[in-house]
Amino acid sequence: SLAAALAIHDVGERSSALATLVPALQGETKEMALQAGLNAAFAIQDEGKRCRALVALAPSLHGETREKTLQAGLVAALSIQDEWRRSDALAALVPGIQGETRKKAMQAGLDAALSIHDELLRSDALAALAPNLQGELLRTALDAALSIHDEWHRSDTLAALAPNLQGELLRTAL
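Quick caveat: nothing in here was measured; it's all calculated off a predicted structure.

Turning our attention to the overall build of the protein. Helix and strand counts for the protein come out as 11 helices and 0 strands. For the protein, the N- to C-terminal ordering of α and β elements is α-α-α-α-α-α-α-α-α-α-α. Dimensions of the protein along its principal axes, counting C-alpha atoms only, are 55 × 30 × 25 Å. With 174 residues in all, the protein has 41% of them scored as buried. Residue pairs at least 24 apart in sequence account for 53% of intrachain contacts in the protein once pairs closer than 6 positions are excluded. A total accessible area of about 9300 Å² is found for the protein, and carbon and sulfur atoms account for 53% of it. Positive and negative side-chain charges of the protein, numbering 16 and 22 respectively, have mean locations separated by a distance of 4 Å.

Axis separation between helix H4 (residues 47-57) and helix H5 (residues 63-78) bottoms out at 8 Å; the angle between their running directions is 160°. Between H4 and H5, the angle falls in the class roughly antiparallel. Helix-helix and strand crossings are classified by hand; for H4 and H5 the assignment is left-handed. Contacts between H4 and H5 involve Glu-47, Arg-50, Cys-51 and Leu-54 from the former and Thr-69, Ala-72, Gly-73, Ala-76 and Ala-77 from the latter.

On to helix H3 (residues 27-43). The first and last C-alpha atoms of H3 sit 25 Å apart over 17 residues, in line with the 24 Å expected at 1.5 Å per residue. All of the buried residues in H3 are Ala-33, Leu-34, Ala-36, Gly-37, Leu-38, Ala-40 and Ala-41.

Residues Glu-119, Arg-122, Ser-123, Ala-125, Leu-126 and Leu-129 constitute the buried set of helix H8 (residues 119-129). Angularly, the buried residues of H8 cover 165° about the axis, an arc narrow enough to put them on a single face. Residues of H8 that are buried in the fold lie against helix H6 (83-93), helix H7 (99-114), helix H9 (135-146) and helix H10 (151-161). Capping the start of H8 is the job of one residue whose side-chain oxygen sits 3.0 Å from the backbone nitrogen of Leu-120: Asp-118.

Glancing now at the nonpolar core. Note that soluble globular proteins tend to have their nonpolar side chains buried in a common cluster. Counting residues in hydrophobic clusters, the biggest one holds 36 residues, and the most contacted among them are Leu-90, Leu-93, Leu-126, Leu-133, Leu-142, Leu-161 and Leu-165. Counting residues per element, the ones that place at least two in this core are H5, H6, H7, H8, H9, H10 and helix H11 (167-173). At 6 residues, H9 tops the list of elements feeding residues into this core. Contact partners of Leu-126, with chain neighbours within four places excluded, come to Leu-110, Ala-113, Leu-114, Ala-141, Ala-144, Ala-145, Ile-148 and Thr-157. Membership of the second largest hydrophobic core comes to 16 residues, among which are Leu-2, Ala-5, Leu-38 and Leu-61.

Rules used throughout
- Residues numbered from 1 in each chain as written.
- Predicted model: local features only at pLDDT ≥ 70, side-chain atom pairs only at ≥ 80, totals over all residues.
- Heavy atoms only, no water.
- Helix = DSSP H or I, 4+ residues; strand = E, 2+ residues; numbered from the N terminus.
- Buried < 20%, exposed > 50% of the residue type's maximum accessible area, 1.4 Å probe, protein only.
- Contact = heavy atoms within 4.5 Å.
- Areas by Shrake-Rupley, 256 points an atom, 1.4 Å probe, with all protein chains shown as cover.
- Lys, Arg positive; Asp, Glu negative; His and termini not counted.
- Charge placed at Lys NZ, Arg CZ, Asp CG, Glu CD.
- Axes fitted to C-alpha atoms, helices over the stretch in contact; angles between N-to-C directions.
- Parallel < 35°, antiparallel > 145°, perpendicular 65-115°, else oblique.
- Left-handed = near helix turned anticlockwise from the far one by under 90°.
- Expected span 1.5 Å × (residues − 1).
- Arc of directions from axis to C-beta.
- Polar contact = N/O pair within 3.5 Å; in protein donor to acceptor, adjacent residues only side chain to side chain.
- Core = buried A, V, L, I, M, F, W, Y, C linked by side-chain atoms within 4.5 Å.

Have a look at this one:
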């Protein structure tokens, strides 16, 4: 129930519970739950968890509030020091962002993924970004996928990239 969600002490858990409940609510109750969810999300200290909480709430938001929330999520994601966590957070954030901000987030996510030394983690990060990659970023990700030595990780990454590949890029992948 809403009262139970609002009573959760941990801000991350409270934000998550409210993000789950909000779509089922209406009117003033929905607006109050959204605001409580946003307040809890902004209080989360861990940037990755804060970004995820904001992404979870964003689909229920509209207009300027949605844009500001996603922008705050982007700021949180970009401040994550660990490359894999930063790439993962940006991959979750990108589908809700438009325009130049989306391009910036995709470039940052790809840069983070490419800087991961562990092939499995790099493969996972590239696969998470794959559905949203286009143009030169897609080519860069394909080149990175082809450079993965482990054939299982390479094939997983190529499989994730495949739906976006056409023409020369598809021939290169094959």
